[in-house]
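Secondary and tertiary structure notes
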Amino acid sequence: MTDAAVLAPGSRIGILGGGQLGRMLALAAAPLGLKVTVFDPDPAAPAAQVCDQHTCAGYDDVTALNTFAAAVDVVTYEFENIPTAALDAIEALVPVRPGRKALAVSQDRLSEKQWLEGIGLTVAPYAEVNDEASLSAALNAIGAPAILKTRRFGYDGKGQARLSGQQDIPAALDAVAGAPSVLEGFVDFTREISVIGARGLTGDVACFDPGENVHEDGILSTTTVPADIPPALATDAVLIAARILNALDYVGVIGVELFVTDAGLVVNEFAPRVHNSGHWTQDACLIDQFEQHIRCVAGWPLGDGQRHSNAVMTNLIGEEADGWLANGARGGLHLYGKAEARPGRKMGHVNRITPKSK
Ligand code: AMP
């Protein structure tokens, strides 16, 4: 790597997507002296409130994308469903990190599972579903219970339906609105964990300690660190994240979700971006996932992400954020600047920190 690949303070990072992840990325860029332009169609985007430039335009607005890309030194993103045409326009002008491969693999649950298997990792049994006949055949092959998930655009449990037998097929197809899907066998897990990993421009890899996740209604509720798993399993989880990072020739932070089973670790999915289950790092590590990501995309060396405390991160969903005064009483409160607390909407989170136990 030449020095020219390292962005000096004063350089500008473009972030596609101005939600809470973009906001926390922008907040992490500031102490490094790096400027941020956020691209988001929403005039009130959470990230736009904390950076000095906001391109307020749609992801199909090629003129706006060109102007945005021409004015920044590197582009990163906070969500994986970026239209291909938008990436084409940007990539013609400026590097996009993480790169195309990570997006291409993770945008489609089917290609993601095939790719993960291809690098030797274990995923839930799965089959492609396009209609009633293929769903019925898949359910026969995999067995019940099983989960039908849309191949694209699913998040926070949306675009998913559980099936306990053939009688559930019509409702499941309704739930995914007939979209191309994947049927997954239900994994009998004892815990859900995730690893937030990072890979720099020179190929260095560092991972944060695995966190243990609890979901409610398909939405992450809490992440607890350290996860209550044996050290060997924690090492396995970190090695899985590292294998994914290296195989993708990745630059930036990734979130890898894993199921812990009696037979070992099963990869659920990965997100090519900073991840909700990594928010605990803000208050329990010297360098959090957001700074680590900014360092990677700016070509800086990886920072020290060692954990100095135990942490429980609790998402504040919908009206839960109204309790900000009590939630923030001991610190660790992070609110996203969203005006309207709709049910199921992530409004903020609180990190409760205690002395490190192990
Ligand atoms: P996902 O959108 O794939 O991350 O799924 C959301 C949540 O649903 C997961 O975190 C699990 O709690 C649950 N889930 C998803 N897929 C499976 C599966 N194959 N077996 C068991 N639980 C699952």
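See the structure printed just above.
Residues numbered from 1 in each chain as written. Predicted model: local features only at pLDDT ≥ 70, side-chain atom pairs only at ≥ 80, totals over all residues. Heavy atoms only, no water.

What follows deals with a nonpolar patch on the surface. Together, Trp324, Leu325 and Leu335 line one region of the surface with nonpolar side chains, adding up to about 320 Å² of accessible area. Mapped onto the elements of the fold, leucine 335 is located in strand S16 (residues 333-335). (Patch = residues over 30% accessible without salt bridge, like charges linked within 9 Å, V, L, I, M, F, W, Y side chains within 5 Å. Areas by Shrake-Rupley, 256 points an atom, 1.4 Å probe, with all protein chains shown as cover. Salt bridge = Lys/Arg side-chain N within 4 Å of Asp/Glu carboxyl O. Helix = DSSP H or I, 4+ residues; strand = E, 2+ residues; numbered from the N terminus.)

As a further point, take unusual backbone geometry. Going from alanine 144 to proline 145, the amide bond is cis rather than trans, its omega being -5 degrees. Following the sequence through the fold, proline 145 ends up in the loop between helix H6 (132-142) and strand S6 (146-150). Backbone torsion omega between valine 225 and proline 226 reads 5 degrees, so that peptide bond is classified as cis. In this fold, proline 226 is placed in the loop between strand S12 (219-225) and helix H8 (231-247). Positive phi values are uncommon outside glycine, yet alanine 177 reaches one of about 50 degrees.

Turning our eyes to something else, we now look at the sheet that holds strand S3 (residues 53-55). Here four strands make up an open sheet; going across it, the order is S3-S2-S1-S4 and the pairing parallel. Among the strands making up the open sheet, the edge pair consists of S3 and strand S4 (74-77). Averaged over neighbouring strand pairs, the angle between their axes works out to 25 degrees when direction is ignored. Where strand S1 (residues 12-16) and S4 come together, four bridges link them in parallel fashion. (Pairing = 2+ DSSP bridges. Axes fitted to C-alpha atoms, helices over the stretch in contact; angles between N-to-C directions.)

To continue, consider the packing of helix H1 (residues 20-29) against helix H10 (residues 289-297). Look at H1 against H10: their axes get within 8 Å of each other, and the N-to-C directions meet at 70 degrees. Considering their axes alone, H1 and H10 lie roughly perpendicular with respect to each other. Here H1 contributes Leu21, Met24, Leu25, Ala28 and Ala29 to the contact with H10, which in turn contributes Phe290, Glu291, His293 and Ile294. Classifying every residue of the contact of H1 with H10 by side-chain character gives seven nonpolar, one polar and one charged. (Parallel < 35°, antiparallel > 145°, perpendicular 65-115°, else oblique. Contact = heavy atoms within 4.5 Å. Nonpolar A, V, L, I, M, F, W, Y, C, P; charged D, E, K, R; others polar.)

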